[in-house]
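# Structural overview for review
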Amino acid sequence: MRPALYSTRIVLAFALILTFAARAGAAVEPRQIKTGVFTVEFWPGDEQIARDSLETLQQTLSDFAQRLPGGGQPITVTICRSVQEFRRRAGQYGRTWVGGVTRTPSGQIAVKAPYLLPQPGDYDGLLRHELLHVLLARNVQDEFLPRWLNEGIVMVLSKENRWGSMARLARMYASGRLIPYYNLDFAFLPLGDEVLSGDAYAEALSLTRFLIDRLGEKGFWNVVRAMRQEPFETALLQATGLKPGPFYNAWRDSMRVPAIIITAASAVSVFNIMAFIVILAWVHKRRRNLAILQQWDEEEWAEAGWQNEYVSPEPWAEEQEED
Ligand SMILES: [Zn+2]
């Protein structure tokens, strides 16, 4: 009897463990909402975020239906509720400054929930950014599109301006920290730190804007479309007559004047500004005191019966005196 009793207990214990395991497994399964090609996965408590996300995704897909059609293939977006979960999905890209990752062209996106971002207001831009990576990947050949341009196009189109800081670029220029063209794509690898990564995004955005300014919107989209069948380098040469090296140099030269102005402006400290205000206030007060003294003088002259005799021979001479 004893062995039979033990085996019954063991079976019961296993059954209990399996039940708990099944419940634990069920608890980590995300919920889903679906519309059109989109499936948004989320956890309880984030329903509103998921619904708003779906709206942003659909709007973006519709905005770019002509330029970058989605092709009708499914796109799944997972809203991660913890940093650990994001790191699990993002692999090597699960870093502090990374808010979302995308597998293209399959359309698997994972983003940190807004409350995990340093600036929750960046969430919509982040979502558009990741979706545009998918749309771009479905409309050009991945191997023809440099990484910097991929990020640059996506940042411009998503209006995600986190890295659009001219002050940052001016500092990079002034300190000789601009990333050379041949190194730029490698600066996006997950091995870099936050500063290098931020510099790479800022530079990619500025270079892309420079390209758009140079080509105009129509010419820019021609280059994007050309990357279905030829590398960016070939498309750039056809559109501008420039190879990447001279194109990069032209961009760097365009940075010189803004960099000098911004660096000089930022060199003026708060102390300098305060000192300038004090001097201005002193000059203003001195001028007012002189005016009062002159008024008293005139009154004394008037009292003495000289009012009709006191005429300044040259009004500008009087003005100069006041200074
Ligand atoms: Zn990106």
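This one's a predicted model, so the numbers in the text were calculated from it and none came from an experiment. Per chain, the residues get numbers from 1 upward, laid out in the order the sequence is written. It should be noted that, the model being predicted, local features are given only for residues of pLDDT at least 70 and side-chain atom pairs only at 80 or more, the latter also being counted only at that level, while totals for whole chains, interfaces and linings use all residues.

## Brief notes about the packing of helix α8 (residues 194–226) against helix α9 (residues 232–240)
Put simply, the rule is: Interaxial angles span 0 to 180 degrees and are taken between N-to-C directions of axes, which are lines fitted to C-alpha atoms, for helices over the stretch in contact. The way it works is that DSSP assigns letters per residue, a run of H or I at least four long becomes a helix, a run of E at least two long becomes a strand, and they are numbered from the N terminus. Note: crossing handedness is left-handed where the near helix turns anticlockwise from the far helix by less than a right angle, and right-handed where it turns clockwise. A residue pair is marked as a contact if its C-beta atoms, positioned from the backbone, fall within 7 Å. Each residue gets one of three labels, nonpolar for Ala, Val, Leu, Ile, Met, Phe, Trp, Tyr, Cys and Pro, charged for Asp, Glu, Lys and Arg, and polar for the others, Gly among them.
The contact between α8 and α9 brings their axes to 10 Å, and the two run at 145°. Along this stretch, α8 crosses α9, giving a crossing that reads as right-handed. The segment α8 lies against α9, with R214, L215, G219, N222, V223 and A226 engaging A235, L236, A239 and T240. Residues that form the contact of α8 with α9 fall into these classes: six nonpolar, three polar and one charged.

## Quick look at the packing of helix α2 (residues 47–63) against helix α4 (residues 123–137)
What counts here: With respect to orientation, any angle under 35 degrees is reported as roughly parallel, any angle over 145 as roughly antiparallel, any angle of 65 to 115 as roughly perpendicular, and every other angle as oblique.
The contact between α2 and α4 brings their axes to 10 Å, and the two run at 50°. Between α2 and α4, the interaxial angle falls into the category oblique. Crossing angle aside, the handedness with which α2 passes α4 is right-handed. Contacts between α2 and α4 pair S53, T56, L57 and T60 from the former with D124, L127, R128 and L131 from the latter. For the contact of α2 with α4, the class distribution of residues is three nonpolar, three polar and two charged.

## Some words on the nonpolar core
To keep it simple, the criterion reads: Here, a nonpolar core means buried Ala, Val, Leu, Ile, Met, Phe, Trp, Tyr and Cys residues linked by C-beta atoms lying within 7 Å of one another. The burial criterion counts other C-beta atoms lying within 10 Å of a residue's C-beta, which is placed from the backbone; the residue is buried at 20 or more, exposed at 12 or fewer, and partly exposed between these limits. Note that the domain bounds reflect an automated or database-derived domain assignment.
With 61 residues, the main nonpolar core has V77, I79 and V111 as its most contacted residues. Among the elements that take part in this core, α8 stands out by supplying nine residues, more than any other. Two domains each put at least three residues into this core: domain 1 (24–139) and domain 2 (145–150 + 160–267).

## Points about unusual backbone geometry
The phi torsion of most residues other than glycine is negative, and most of the peptide bonds are trans. Cis geometry marks the peptide bond from T104 to P105; its omega dihedral reads -5°. Tracing the backbone shows P105 in the loop between β4 (100–103) and β5 (108–112). The phi torsion at K159 lies on the positive side, around 55°, for a residue other than glycine. Mapping K159 onto the fold places it in the loop between α5 (147–158) and α6 (166–174).

## Things to note about the pairing of β5
Where a strand is regular, its side chains alternate between the two sheet faces. Rules: At least two bridges found by DSSP between two strands is the condition for calling them paired.
Counting buried residues along β5, four of its five residues qualify, which places the element largely inside the surrounding structure. Here strand β3 (residues 75–80) pairs with β5 via five bridges, running parallel. Bridge pairing in β5 links T78 to A110. The pairing of β4 with β5 spans four bridges and is classified as antiparallel. Residue pairing across strands places T102 opposite I109, the latter belonging to β5. The turn linking β4 back onto β5 is made up of four residues, and G107 within it adopts a positive phi angle of 85°.

## Comments concerning the sheet that holds β3
With mixed pairing, five strands are arranged side by side in an open sheet as β1-β2-β3-β5-β4. In this open sheet, the two strands that pair with only one neighbour each are β1 (31–35) and β4. Strand-to-strand, the axes of this sheet are offset by a mean angle of 15°, without reference to chain direction. Examined bridge by bridge, β1 and strand β2 (residues 38–42) share five bridges and lie antiparallel to one another. Within β2, the position partnered with K34 by the bridge is T39. Contacts from α2 reach β1, β2 and β3 within the one sheet, and its direction differs from that of β2 by about 155°.

## Observations concerning the environment of G219
Residue position: G219 is located in helix α8. Here G219 falls in the partly exposed class, since 14 other C-beta atoms lie within 10 Å of it. Separated by 20 residues in the primary sequence, G219 and A239 place their C-alpha atoms 7.3 Å from one another.

## Description of the environment of Y93
Locating Y93 in the fold gives a position in the loop between α3 (83–90) and β4. You can call Y93 partly exposed: it has 16 C-beta atoms within 10 Å. Ignoring any residue separated from it by four or fewer positions in sequence, one finds Y93 in contact with V98, V101 and P190.

## Thoughts on the confidence of the model for the protein chain
Formally: The pLDDT score gives, residue by residue, the confidence of the prediction method on a 0 to 100 scale.
Per-residue pLDDT for the protein chain has a mean of 82; in total, 76% of the residues score no lower than 70. Least confident of the elements in the protein chain is helix α13 (residues 315–322), whose mean pLDDT is 36; most confident is β2, at 98. Low pLDDT (under 50) marks residues 1–6, which in the prediction has zero contacts with non-local residues, meaning those over four places away or in another chain. Predicted confidence is poor over residues 10–26, with pLDDT under 50, and the contacts of this stretch with residues over four places away or in other chains come to zero contacts.

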